[in-house]
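As a plain string of letters, each chain reads:
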Amino acid sequence: EEAAKAKAERNKQHPRKRVVFLSHNSKDNPVIRQLATDLTTAGVSVWLHEQRVCAATSIAEKLAQGLVESDWFLIGLSQDAVESAWVKTELNQVLLDEVARRGTRLLPLRLTDCKVPELIAKQKFIDFFTSYEIGLQTLLHAVKTELGPVADVAIQPVAGAVLPPGTLVTKR
């Protein structure tokens with residue numbers, strides 16, 4: 001609740017400031033850390049779990065808070081990521097959050113040659129696999145210019161995903 005209010009206030013006071021939540025598999029840390037550095041250098045705030053979650057805190061709570069605070073949910077897709085239960089969990093959470101709050105936009109980032117999960121297969125994605133530089137420029141353009149309302153998203157849970165405690169699931 002407080003995170004949602006803080007986000008609304010931030011967007012009101014600084015309408016061009018954006019916060020992105022980076023979801024990824026730990027095996028993709030090198031490219032994700034480079035991406036986080038490049039986004040920060042370009043003036044985009046980055047929510048990266050290794051920087052925000054400390055040992056004594058609830059991972060599920062911090063992730064949920066990070067999603068609420070963020071304008072964009074960037075999900076790094078690689079073969080390791082699409083097979084990861086944690087990435088599936090975060091993907092489920094963001095889609096539920098996106099529908100409920102209409103404040104977080106999903107943008108998949110294809111890091112390697114992998115199959116995009118069916119749940120987001122129709123979603124536009126940015127290809128970092130072919131060219132990191134072109135992917136970064138495309139991402140920066142999207143994050144800084146596409147500020148319109150979030151469209152309705154039909155959601156289906158990802159098989160094998162576990163939703164964090166306290167997640168409210170509603171049917172449309």
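Reading the values: rules and limits
Residues numbered from 1 in each chain as written. Predicted model: local features only at pLDDT ≥ 70, side-chain atom pairs only at ≥ 80, totals over all residues. Heavy atoms only, no water. Pairing = 2+ DSSP bridges. Helix = DSSP H or I, 4+ residues; strand = E, 2+ residues; numbered from the N terminus. Core = buried A, V, L, I, M, F, W, Y, C linked by side-chain atoms within 4.5 Å. Buried < 20%, exposed > 50% of the residue type's maximum accessible area, 1.4 Å probe, protein only. Contact = heavy atoms within 4.5 Å. Phe/Tyr/Trp six-rings, centres within 6.5 Å; stacked < 30°, edge-to-face > 60°. Salt bridge = Lys/Arg side-chain N within 4 Å of Asp/Glu carboxyl O.

### Focus on the sheet that holds strand β1 (residues 19–23)
Moving on, step 1. Spatial ordering of the open sheet is given by β2-β1-β3-β4-β5, a layout of five strands whose pairing is parallel. A single partner strand is all that each edge strand has here, and the edge strands are β2 (45–48) and β5 (126–127).
Moving on, step 2. Judged from the six bridges that link them, strand β3 (residues 72–77) and strand β4 (residues 105–110) form a sheet pairing that is parallel. Counterpart to Trp72 in the pairing with β4 is Arg105.

### Focus on the nonpolar core
Moving on, step 1. Of all hydrophobic cores here, the largest spans 22 residues; its most connected members are Leu22, Leu35, Leu39, Leu74, Leu109, Phe128 and Leu139.
Moving on, step 2. At the level of secondary structure, the elements contributing two or more residues to this core comprise β1, α2 (29–41), β2, β3, β4 and α7 (132–145).
Moving on, step 3. In terms of residue count, α7 provides more of this core than any other element does, six residues in total.
Moving on, step 4. Once you skip the residues sitting within four places of it in the chain, Leu109 turns out to touch Leu22, Leu35, Leu74, Ile75, Gly76, Leu77, Ile126, Phe128 and Leu139.
Moving on, step 5. Counting residues in hydrophobic clusters, the runner-up holds 15 residues, among them Trp47, Phe73, Ile75 and Leu91.

### Topic: the packing of aromatic side chains
Moving on, step 1. As enumerated under the stated definition, the model contains three aromatic pairs in all.
Moving on, step 2. Ring plane angle 15° and centroid distance 4.9 Å describe the contact between Phe21 and Trp47, whose orientation is recorded as stacked. Of the two residues, Phe21 is situated in strand β1 and Trp47 in strand β2; the sequence distance between them amounts to 26 residues.
Moving on, step 3. Pairing Phe21 with Phe73 gives two aromatic rings, centres 5.5 Å apart and planes at 25°, and the pair type is stacked. Residue Phe21 is found in strand β1, and its partner Phe73 is found in strand β3; the two are separated by 52 residues along the sequence. In terms of burial, Phe21 and Phe73 fall into one category: buried.
Moving on, step 4. Clustering of aromatic rings is evident, with ring pairs tying together Phe21, Trp47 and Phe73.

### Quick look at the pattern of salt bridges
When charged atoms on two side chains of opposite charge get close, those side chains can pair.
Moving on, step 1. All told, the structure shown has four salt bridges when counted by the stated rule.
Moving on, step 2. Its salt-bridge partner being Asp71, residue Arg18 comes within 3.6 Å of it at the nearest N-O pair. You can see Arg18 sitting in the loop between α1 (2–13) and β1 and its partner Asp71 sitting in the loop between α4 (59–69) and β3, a full 53 residues away along the chain. When sorted by exposure, Arg18 lands in the same class as Asp71, which is buried.
Moving on, step 3. The salt bridge involving Arg110 is made with Asp113; its shortest N-O contact spans 3.3 Å.

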